Amino acid sequence: EDFRSEFPLLSQYAIPLFNTEEDNNPIRIQKQSNRDALLRELVQLKQSYKEPLQFESENSVHKTELMPVGNDGVSGPLDTVFGKLGEEMAIESILKYLTERHRAKLHAELTRLKLIPKLLDEYDVAALIDHANIDITKWRKVVQALKTLQCLKCISVSAKKFTELGKDAGEIFYKEWPYETVDEEGLKRTEKIKYWWKDPVSEITSSLTRMLQATGKGPEDIEYIHICHGADHGKMKFRFTTKVIVKMKDGGPIVERLL
């Protein structure tokens, strides 16, 4: 009775196809096939009358429209949208829908297809500046030029975010050491030797962190790390340097950074 009240036309003309209360599985499958055939013939009949494949709900709150779907599940509906709206309006409507509801995924896919440039994060910027051997002032000029030439709002994170990479890292310590000497007259003289240093553990840890984040790798991807120290006098000063060498398991290039 519920079925008859909800589907009066189907109950009157095709109820044997929809009554499945006492059917076994083979009969259910056959009835489902027959229902599909019934729907197909209804569509063909409406098409022969050149009637639109659509209907409204009983209270006309919304409209349902049938449209062909290709094997890929996409081409048919899109062809229908382009046919109804025209190319320009269809593209505008689709892009508006994607940017309003799926902006992040749209941006990621366009970036993957290399249709739009990648937005550089702070680690990309750090790696680029290091590789090009330029300072932050020159980098700002490069950014302005690219934004103008490519008509982009931005190509990377702000310089402020980039400079925050060094926050709480790379702290410079400074001290003076009294150096006593005796001159020709036998008088003692004290010279204050100024010197500064950085914590090597902090510097190496920060360097490794930047290298991994810039290459998208993790600690588990590292095959080995070599740390080389060296020092010498030059231009009246004692100079100390450290090279960090990282080899990845996947056979990627060896990454080197001087501290």
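Use the structure listed above.
Since this is a predicted model, take the numbers as computed values, not measurements. (Residues numbered from 1 in each chain as written. Predicted model: local features only at pLDDT ≥ 70, side-chain atom pairs only at ≥ 80, totals over all residues. Heavy atoms only, no water.)

A few words on the side chain of Thr242. When you line up the elements, Thr242 lands in strand S6 (residues 237–248). Overall, the relative accessible area of 7% leaves Thr242 in the buried class. (Helix = DSSP H or I, 4+ residues; strand = E, 2+ residues; numbered from the N terminus. Buried < 20%, exposed > 50% of the residue type's maximum accessible area, 1.4 Å probe, protein only.)

Attention now moves to the pattern of salt bridges. A complete count under the given rule lists 2 salt bridges for this structure. Between Glu109 and Arg112 there is a salt bridge whose closest N-O contact spans 2.6 Å. Taken together, the residues span about one helical turn, with Glu109 and Arg112 both in helix H6 (residues 103–112) at a distance of 3 residues. Residues Glu223 and Lys247 are paired through a salt bridge, measuring 3.6 Å at the closest nitrogen-oxygen approach. Pair noted here: Glu223 is in strand S5 (residues 222–234) and Lys247 is in strand S6, with a separation of 24 residues, a long-range link. (Salt bridge = Lys/Arg side-chain N within 4 Å of Asp/Glu carboxyl O.)

A few words now on the packing of aromatic side chains. Applying the stated criterion to the full structure yields 1 aromatic pair. Consider the rings of Trp177 and Tyr179, whose centres lie 5.8 Å apart with planes at 35 degrees: the pair is tilted. By relative accessible area, Trp177 is classed as partly exposed at 47%. Note on Tyr179: relative accessible area 37%, which makes it partly exposed. (Phe/Tyr/Trp six-rings, centres within 6.5 Å; stacked < 30°, edge-to-face > 60°.)

In this section: a nonpolar patch on the surface. Judged by side-chain polarity, Phe173, Trp177, Tyr179, Tyr195 and Trp197 come together as a nonpolar surface patch covering roughly 490 Å² of accessible area. The set of elements that each furnish at least two residues to the nonpolar patch consists of strand S3 (172–182) and strand S4 (188–198). If you tally residues by element for the nonpolar patch, the top one is S3, at 3 residues. Mapping Tyr179 onto the fold places it in strand S3. (Patch = residues over 30% accessible without salt bridge, like charges linked within 9 Å, V, L, I, M, F, W, Y side chains within 5 Å. Areas by Shrake-Rupley, 256 points an atom, 1.4 Å probe, with all protein chains shown as cover.)

Okay, the nonpolar core next. Ranked by size, the top nonpolar core spans 8 residues in total: Ile204, Leu208, Met211, Leu212, Ile222, Val244, Val246 and Met248. Breaking this core down by element, the ones donating at least two residues are helix H10 (200–215) and S6. If you look at the next biggest cluster of nonpolar residues, it comprises 6 residues, including Leu120, Ile129, Trp139 and Ile155. (Core = buried A, V, L, I, M, F, W, Y, C linked by side-chain atoms within 4.5 Å.)

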